[in-house]
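What follows is each chain in one-letter form.
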Amino acid sequence: GENVEQHPSTLSVQEGDSAVIKCTYSDSASNYFPWYKQELGKRPQLIIDIRSNVGEKKDQRIAVTLNKTAKHFSLHITETQPEDSAVYFCAASPSGGSNYKLTFGKGTLLTVNP
Amino acid sequence: GAGVSQSPSNKVTEKGKDVELRCDPISGHTALYWYRQSLGQGLEFLIYFQGNSAPDKSGLPSDRFSAERTGGSVSTLTIQRTQQEDSAVYLCASSAGQGPGNTIYFGEGSWLTVV
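Every value quoted in this text rests on a predicted model; they were computed, and no experiment measured them. Each chain carries its own residue numbering, running from 1 in the written order of its sequence. Chains carry letters from A onward and ligands carry numbers from 1 onward, assigned in written order. Side-chain atom pairs in this predicted model are given and counted only at pLDDT of 80 or more, local residue features only at pLDDT of at least 70, and totals for whole chains, interfaces and linings cover all residues. With hydrogens and water excluded, all non-hydrogen atoms of the structure serve as input to the side-chain values.

> Would you mind going over the overall build of chain A with me for this structure?
For chain A, the helix and strand inventory stands at 0 helices and 11 strands. Numbered from the N terminus, helices here are DSSP runs of H or I no shorter than four residues, and strands are runs of E no shorter than two. For chain A, the sequential pattern of α-helices and β-strands runs β-β-β-β-β-β-β-β-β-β-β. A compact globule built from 114 residues would reach a C-alpha radius of gyration of about 13 Å, and chain A, at 13 Å, matches this within 12%. Here the analysis covers contacts within chain A between residues at least 6 apart in sequence; of these, 56% occur between residues at least 24 apart. Note that accessible areas follow from Shrake-Rupley with a 1.4 Å probe, and for residues the cover is restricted to the protein chains shown. If you sum the accessible surface of chain A, you get close to 5,500 Å²; carbon and sulfur atoms cover 46% of it. Every radius of gyration here is taken over C-alpha atoms, with the globule rule written as 2.2 Å times N^0.38, N being the number of residues. In this analysis, two residues are considered to be in contact whenever any of their non-hydrogen atoms come within 4.5 Å of each other.

Here it is in structure tokens:
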């Protein structure tokens, strides 16, 4: 089955700096890659996703890049703010374009210091 | 409802007892998922429902775990003879259908502690 590795497990940055979180996946048939943000005690919420027919997607301060050849994708957050502090999870769908069974990475605890 | 609703939000149970966790998906969502979140382990897939049927229950860790969904809506995850290693947050999620473009929305989770 699909295996998703996520790095780093913890990341601390100063407010205004950029943060990058990287994930690799094992199943070359995966073609949907969402990122979820989970604040302490809250539910995971989708912040951005990318499909395999594009290499990059941006939404304001957040961007995701995908390299299908290397089977890795990354989350980039620019101009970080304290409210960006949370656990971020990457995920991949196993095959066939179906997202019914997302396989998640183990998460990255991002701390933005004011 | 406005979002995925789960109950109870917190449950403390004695080892060996049975527990039931409930999930109300977003109205109209045909797909429903259960995940388990343990400290430092990310989100572990348990089972997926499409309507009332479960095409994929491969993530259920043992035969002590079962789930059902009735009326294409509410789902119940049952854990029999609970063990301490069952302690985790159990997250339910739903989506309007399968495939990219059908965002998976999570509930707040049910925090289970087995003592």
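On we go from here.
> Looking at this structure, I do not really get unusual backbone geometry. What am I missing?
A negative phi angle is the norm for most residues apart from glycine, just as the trans form is the norm for most peptide bonds. Of note, the bond from His7(A) into Pro8(A) is cis; its omega dihedral lies within 30 degrees of zero at -5°. Within the secondary structure layout, Pro8(A) lies in the loop between strand S1 (4–7) and strand S2 (10–14). Omega for the peptide link from Ser7(B) to Pro8(B) comes to -10°, which places this bond in the cis form. Along the polypeptide, Pro8(B) turns up in the loop between strand S1 (5–7) and strand S2 (10–13). Its identity as a non-glycine residue notwithstanding, Gln60(A) has a phi of 60°, on the positive side. By the element assignment, Gln60(A) lies in the loop between strand S6 (56–59) and strand S7 (62–67). The rule is simple: take the accessible area with a 1.4 Å probe, protein chains only, and divide by the maximum for that residue type; under 20% is buried, over 50% is exposed, in between is partly exposed. Taking relative accessible area as the criterion, Gln60(A) reaches 79% and is therefore assigned exposed.

> Mind showing me how you'd approach the side chain of Thr108(A) here?
Along the polypeptide, Thr108(A) turns up in strand S11 (residues 108–113). Discounting residues that sit within four places of it in the chain, Thr108(A) has contacts with Gln6(A), His7(A), Pro8(A), Ser9(A), Leu11(A), Ile21(A), Ala86(A), Val87(A) and Tyr88(A).

> Could you clarify how one ought to interpret the sheet that holds strand S7 (residues 65–69) of chain B in this entry?
All names here are of chain B. Strands are labelled as partners when DSSP assigns at least two bridges between them. Spatially, the 4 strands line up as an open sheet ordered S1-S3-S8-S7, and their pairing is antiparallel. Two strands lie at the open edges of the sheet, namely S1 and S7, each paired on one side alone. Looking at each pair of strands side by side, their axes are set apart by 15° on average, direction ignored. Where strand S3 (residues 19–24) meets strand S8 (residues 75–79), 5 bridges bridge the pair, whose relative direction is antiparallel. Its bridge partner being in S8, Glu20 is matched across the sheet by Thr78. Axes, fitted as lines to C-alpha atoms, cover a helix only where it is in contact. Angles between the N-to-C directions of the axes lie from 0 to 180 degrees.

> I'm lost on the interface of chain B and chain A in this one. Help?
For an interface, size is often stated in terms of accessible area lost upon the parts coming together. The interface of chain B with chain A comprises 24 residues on the first partner and 19 residues on the second. By buried area we mean how much accessible surface two parts lose on assembly, using a 1.4 Å probe and totalling the loss over both. The contact between chain B and chain A buries some 1,900 Å² in all, and 51% of this surface belongs to carbon and sulfur atoms. For this analysis, a salt bridge means a side-chain nitrogen from Lys or Arg found within 4 Å of a carboxyl oxygen belonging to Asp or Glu. Where chain B packs against chain A, one counts 1 salt bridge. Among the ionic pairs, Glu108(B) bridges to Arg43(A), the shortest N-O distance being 3.2 Å. Any N or O atom pair separated by 3.5 Å or less is treated as a polar contact, with the protein-specific requirement of one donor-capable and one acceptor-capable atom, and with residues adjacent in sequence counted only for side-chain atom pairs. There are 5 residue pairs in polar contact (both at pLDDT 80 or more) connecting chain B and chain A. Of all elements in the fold, only strand S4 (31–37) and strand S5 (43–50) of chain B reach the threshold of two or more residues within the side of chain B that touches chain A. Put simply, Ala, Val, Leu, Ile, Met, Phe, Trp, Tyr, Cys and Pro go in the nonpolar bin, Asp, Glu, Lys and Arg in the charged bin, and everything else, Gly too, in the polar bin. A per-class count over the side of chain B that touches chain A returns 10 nonpolar, 12 polar and 2 charged.

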